[in-house]
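Working through the structure, step by step
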Amino acid sequence: MTSLTYRDAGVDIETGDALVDAIKPLARATDRAGTMGSLGGFGALFDLKAAGYTDPVLVSSTDGVGTKLRLAIDTDMHDAVGIDLVAMCVNDLVVQGAEPLFFLDYFATGKLQLEQARAVIGGIAEGCRQAGCALVGGETAEMPGMYAKDDYDLAGFSVGAAERGGLLPKPDVAAGDIVLGLAASGVHSNGFSLVRRILAAAGQGVGSPAPFAAGQTLGQALLAPTRIYVKSVLALHKAGLLKAAAHITGGGLPGNLPRVLPKGSVAVLDATAWTLPPVFAWLARNGNVAPEEMLRVFNCGIGMCLVVTPENAEAATAMLRQQGETVFRIGAIEAGTDGAAPEVRVEKLAPNWPAA
């Protein structure tokens, strides 16, 4: 009988080792205060004291990229989804008042392709750089028979910290507070099962020209990476201007903003305060998607909501704009029924909303 090897079974140890060597400089470039050691150990170390914390509470988050990966694979464009992976985790940390400290990734594929994997992990390193956190480790799993050729899956894990007295939301969110919306960079990383269904219904492929983005294909436009809001939101929080924040992902505005509001409150939003980005108008029109469903599935142009006092709204807006954010004043908190679950009410839609 021929002597079998792991490579005969579909797993190439040498390619895995080559990938580790290729990504070491990428990970090293994300080092920050508190980072200890380097890739290659059995576990990653992080020094909270060296990071400047005296009474820290750890905050953790895990997420993936979802079926947006299908578009990345079909277009052979892999660097942006690495940024998405980081964004989906670190944006969930910062809304709790936490600074992302370090990140780990899980990359699983049927057949490890060095350039593809390096592009994905290069995007992860870029996302960590934008968020100010260290890429301290991860896992690459080559699993023949589990994934079709060229397919892969991603998961991300991030840990952050906040001083005990700096956690969000603050307990004094109340009627009269203002809701600011930060512009999204695109569809971000949720709703792509519906996006792909709309593409199919419209008879469009990822290589078709995007009518809403000159010079880009639909694949390129839809793969725009999720915006990372960490540095701007942390700056606002450290300035004492922020009461609560909500990352707008799956569930949209109605599903995410109530998660940081007290019982008996209603966030009343005016969707004429911002223009629905063309990508969402195209999706709504080509999928015949009702406005209520659009709001429930997509961010519809608002990737992050921030709650501030009326007195701080102007200063908060100015600070966020200095940080490079596009800011809209999209609504306010009102009193609802005592003890009732918090909710969002969208009262108006901009004229460019299809079927509005």
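The name an unreviewed UniProt entry gives the protein is Phosphoribosylformylglycinamidine cyclo-ligase, with Teichococcus coralli as the organism. Annotation of the protein in UniProt includes, under Sequence similarities (unreviewed entry), the sentence "Belongs to the AIR synthase family." Among the UniProt annotations of the protein, the heading Catalytic activity (unreviewed entry) holds the following wording: "2-formamido-N(1)-(5-O-phospho-beta-D-ribosyl)acetamidine + ATP = 5-amino-1-(5-phospho-beta-D-ribosyl)imidazole + ADP + phosphate + H(+)".

Overall, mixed pairing links the 6 strands, which are arranged E8-E10-E7-E11-E9-E12 in an open sheet. The open sheet has two free edges, formed respectively by strand E8 (244-247) and strand E12 (343-349), since each of these has just one partner strand. Recorded for the sheet is a direction-independent mean angle of 25° between the axes of neighbouring strands. Judged from the 4 bridges that link them, E8 and strand E10 (residues 302-308) form a sheet pairing that is antiparallel. Bridged to Ala245 within E10 is Leu306. Against the sheet, helix H3 (residues 79-94) makes contact with E8 and E10, and its axis sits at roughly 165° relative to E8, the strand it touches most.

Another point: the environment of Met36. Of note, Met36 is situated in strand E1 (residues 35-36). Linking Met36 and Tyr152, residues 116 residues apart in sequence, is a C-alpha distance of 30 Å. Aside from chain neighbours lying at most four places away, what touches Met36 is Leu45, Phe46 and Asp47.

Reading guide: rules and limits
Residues numbered from 1 in each chain as written. Predicted model: local features only at pLDDT ≥ 70, side-chain atom pairs only at ≥ 80, totals over all residues. Heavy atoms only, no water. UniProt positions renumbered as here; feature names shortened; annotations may be inferred. Pairing = 2+ DSSP bridges. Helix = DSSP H or I, 4+ residues; strand = E, 2+ residues; numbered from the N terminus. Axes fitted to C-alpha atoms, helices over the stretch in contact; angles between N-to-C directions. Contact = heavy atoms within 4.5 Å.

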